[in-house]
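So the chains spell out like this:
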Amino acid sequence: MIAQSARAELEAVYRAALAAVAPERALAGALSADGARVAIAGRALPDGARVFVLAVGKAGAALAAAAESTLGARIAAGFALVSDGGERALARCELRVGAHPIPDERGAAATREVLAFAARPGPADVLLVLLSGGASSLLCAPAPGLELADVAEAVRVLLAAGASIEELNAVRKHLAAATGGRLARAARAGRIEVLAISDVVGDRLDVIASGPFAPDPTCYADALAVLGRRDPGRRIPANVRAHLEAGARGEREETPGADDPAFARARHTLIASNATAVFAARDAAAARGWRAVALPGALRGEARRAARRLVALADASAADRPLCLVAGGETVVTVCGNGRGGRSQELALAAALGIAGRRDIAVLAAGTDGADGPTDAAGAFANGDTVARGRRAGIDAVAALAGNDSHGFFCREGGVIRTGVTGTNVADLALVRVG
């Protein structure tokens, strides 16, 4: 009963955080229409201006639908590119689907359509861009001279090597045709309004969705430096490395920087982020009478190390009533085994080992998009009995962690959490209940 109660309570807090970053809720505060007056982030549009809607990312379809509901016939045309599972019926926007996190030909073909769509609005028109996490994988048409299969393999290698989102996107921007500010160059609209749901800690505009409408502070040399750190075995395809080396020699055009005139037309507004979810979870925990502490940005580095840090913090946090630590961010996993899992499930499994046998700590770790790694799980729940339950189910927690088989462990032990596709994406949450 204690385990079920703790799990149900933490799941309720987690779902409150998801509700706070729902695309419809996020967009409601930034897009309004009152009669003929339309405002984006409080900035009124010229009377009669045509609005073109471009939505890309895991929340793309939900954002596009919300924009359709608000703007209706004011939308001259629309286009939405989303990941598998994020589809929904749209009235005024064409819908395309691509793969995440490893890009596929559907995404590449749709990216070429996005480039053409961005060029449709003229100088008197407004391009409303709705960006969300996952867009880096979807906007995957490769730069000239590269094959998508090689780009996909480079992404696969970097993910398995534990590359951070900043490192991964620095490379992807220099292999792609649309990101790294290139969509801003392709667009002809006199005004570009970008409303973004951030899945990046720190909310850097050049990292969110690989910054298709933002100046890129990275260069080919930075991308090569990532390969030097993350691919010492040179598993990344040779032509990808050759492309980056040619760029570092000045033989490829760099991604546009802050001095490019294309960005004078573009304004970015953040409408939701990981911090939004963290503080919503904190408030939901406090409403239960718990002492709640928000830790935005605390999830970073290797998932298993982040788990140890959270357990140590829980140990050091004395409280006269139940305490809930609410950590947000994004960890990484360096894959050494042949198991299946994701960063949230790996964190939960590592935490389970750290709290084995204890009755005073429970942990829920989950992604806000409902998909943790290449699995159908959002994350997992763990408490002091998790390791023992796994042993009774015939699976050893230590071996599972060593083999990166957190999903296999929790499926058999019973702690796996499934939400299905949530329609949003603001990175990860970890909730630690103490007492």
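Here's what I pulled together on the structure shown here. Residue indices begin from 1 for each chain and proceed along its sequence in written order. The predicted origin of the model limits local features to residues at a pLDDT of at least 70 and limits the giving and counting of side-chain atom pairs to 80 or more, whereas totals for whole chains, interfaces and linings rest on all residues. Only hydrogens and water are set aside; all other atoms, that is, all heavy atoms of the structure, feed into the side-chain values.

### Side note on unusual backbone geometry
Then, number 1: Residue P101 is bonded to the preceding H100 through a cis peptide linkage, with omega at 5 degrees.
Then, number 2: A run of H or I in DSSP counts as a helix once it spans at least four residues, and a run of E counts as a strand once it spans at least two, with each numbered from the N terminus. Secondary-structure assignment places P101 in the loop between β6 (93-98) and α4 (105-118).
Then, number 3: Even without glycine at this site, A41 takes up a positive phi of about 55 degrees.
Then, number 4: Topologically, A41 is positioned in the loop between β2 (37-40) and β3 (43-44).

### Some details on the pattern of salt bridges
Then, number 1: What makes a salt bridge here is a side-chain nitrogen of Lys or Arg within 4 Å of a carboxyl oxygen of Asp or Glu, nothing more. Applying the stated criterion across every chain yields a total of 31 salt bridges.
Then, number 2: Here D260 and R185 are joined by a salt bridge, their closest N and O atoms 2.8 Å apart. In this pair, D260 is assigned in the loop between α10 (238-248) and β9 (266-272) and R185 in helix α8 (residues 182-186), connecting sequence segments 75 residues apart.
Then, number 3: With a closest N to O distance of 2.5 Å, R358 and D315 form a salt bridge. Taken as a pair, R358 in the loop between α13 (343-354) and β12 (361-367) and D315 in helix α12 (residues 303-315) lie far apart in primary sequence, 43 residues in all.
Then, number 4: Given a relative accessible area of 27%, R358 falls into the partly exposed group.
Then, number 5: Exposure categories follow from relative accessible area, calculated using a 1.4 Å probe and restricted to protein chains: below 20% of the type maximum is buried, above 50% is exposed, and the middle band is partly exposed. The partly exposed category is assigned to D315, whose relative accessible area is 45%.
Then, number 6: Linked through salt bridges whose partners overlap, the residues forming this network are R43, R191, E193 and R267.

### Section: the sheet that holds strand β1 (residues 31-34)
Then, number 1: Here the rule is simple: two strands pair whenever DSSP picks up at least two bridges between them. With antiparallel pairing, 3 strands are arranged side by side in an open sheet as β1-β2-β3. Across the chains shown, the open sheet's two edge strands, defined by having one partner strand only, are β1 and β3.
Then, number 2: Two elements, β2 and β3, share 2 bridges in a ladder whose sense is antiparallel. From the neighbouring strand, A39 faces β3, where its bridge partner is A44.
Then, number 3: Along the sheet, helix α3 (residues 60-71) contacts β1 and β2; its crossing angle with β1, the most-contacted strand, is approximately 20 degrees. Pairs of residues are marked as contacts when any of their non-hydrogen atoms sit within 4.5 Å. Here an angle of 0 to 180 degrees is reported between the N-to-C directions of two axes, which are lines fitted to C-alpha atoms, with helices fitted over the stretch in contact.

### Remarks on empty space enclosed by the protein
Then, number 1: Two kinds of site are reported from a 1 Å grid over the protein atoms alone, namely cavities, where a 1.4 Å probe fits but cannot get out, and pockets, open sets with protein on both sides within 12 Å along at least five of seven lines, and residues are called lining when an atom falls within 4 Å of a point. Grid points are joined across faces, edges and corners, and a volume is the space filled by probe spheres set on the points. All chains considered together, the criterion is met by 3 cavities of 30 Å³ or more.
Then, number 2: Lining the largest cavity are P103, S136, S137, L139, C140, A141, V151, V155, R172, L175 and A176.
Then, number 3: Taken together, the elements giving at least two residues each to the lining of the largest cavity come down to α5 (135-138) and α6 (148-160).
Then, number 4: In the scheme used here, Gly and all other residues not listed as nonpolar or charged are polar, with Ala, Val, Leu, Ile, Met, Phe, Trp, Tyr, Cys and Pro taken as nonpolar and Asp, Glu, Lys and Arg as charged. Here the residues of the lining of the largest cavity are counted per class, giving 8 nonpolar, 2 polar and 1 charged.

### Some details on the sheet that holds strand β4 (residues 51-56)
Then, number 1: With parallel pairing, the 6 strands of this open sheet are ordered in space as β6-β5-β4-β7-β8-β9. Both outer strands of the open sheet, β6 and β9, are each paired with one neighbouring strand and no more. With direction set aside, neighbouring strand axes in the sheet form an average angle of 15 degrees.
Then, number 2: Both strand β8 (residues 191-197) and β9 contribute to a ladder of 6 bridges, which runs parallel. By the bridge assignment for β9, I197 is matched with A272.
Then, number 3: Across the sheet, α3 is in contact with β4, β5 (75-83), β6, β7 (126-131), β8 and β9; its angle to β5 comes to roughly 160 degrees.
Then, number 4: In this fold α4 packs onto β4, β5, β6 and β7, with an angle of close to 155 degrees to the strand it touches most, β5.

### Some details on the environment of H243
Then, number 1: Within the secondary structure layout, H243 lies in helix α10.
Then, number 2: Residue class for H243 comes out buried when judged on its relative accessible area of 4%.
Then, number 3: In this structure the C-alpha to C-alpha distance between H243 and L146, which are 97 residues apart in sequence, comes to 7.9 Å.
Then, number 4: In contact with H243, other than residues within four places in its own chain, are A143, P144, L146, H174, L175, Y220 and R252.
Then, number 5: Polar contact criterion, stated in full: a pair of N or O atoms within 3.5 Å, where within protein one must be able to donate a hydrogen and the other to accept it, and residues adjacent in sequence count only if both atoms are side-chain atoms. At 3.0 Å, the side chain of H243 forms a polar contact with the backbone oxygen of H174.

### Overview of the packing of aromatic side chains
Then, number 1: To pair, rings of Phe, Tyr and Trp, with the six-membered ring standing in for Trp, must have centres within 6.5 Å; the planes then decide the type, stacked if under 30 degrees apart, edge-to-face if over 60, and tilted in the middle. Evaluation of the coordinates by the stated rule reveals 3 aromatic pairs.
Then, number 2: Note on F79 and F117: the rings are 6.1 Å apart at their centroids and 35 degrees apart in plane angle, and the pair reads as tilted. A residue pair is termed long-range when its members are at least 10 positions apart, and F79 in strand β5 and F117 in helix α4 qualify at 38 residues.
Then, number 3: Put simply, the rings of F52, F79 and F117 touch in pairs and so form one group of aromatic residues.

### Remarks on the pairing of β8
The side chains of a regular strand alternate, residue by residue, between the two faces of the sheet.
Then, number 1: Summarising burial for β8: 7 of the 7 residues are buried, a large majority.
Then, number 2: Summarising the sheet, β7 and β8 pair through 6 bridges and their orientation is parallel. Note on β8: the bridge partner recorded for V129 is V194.

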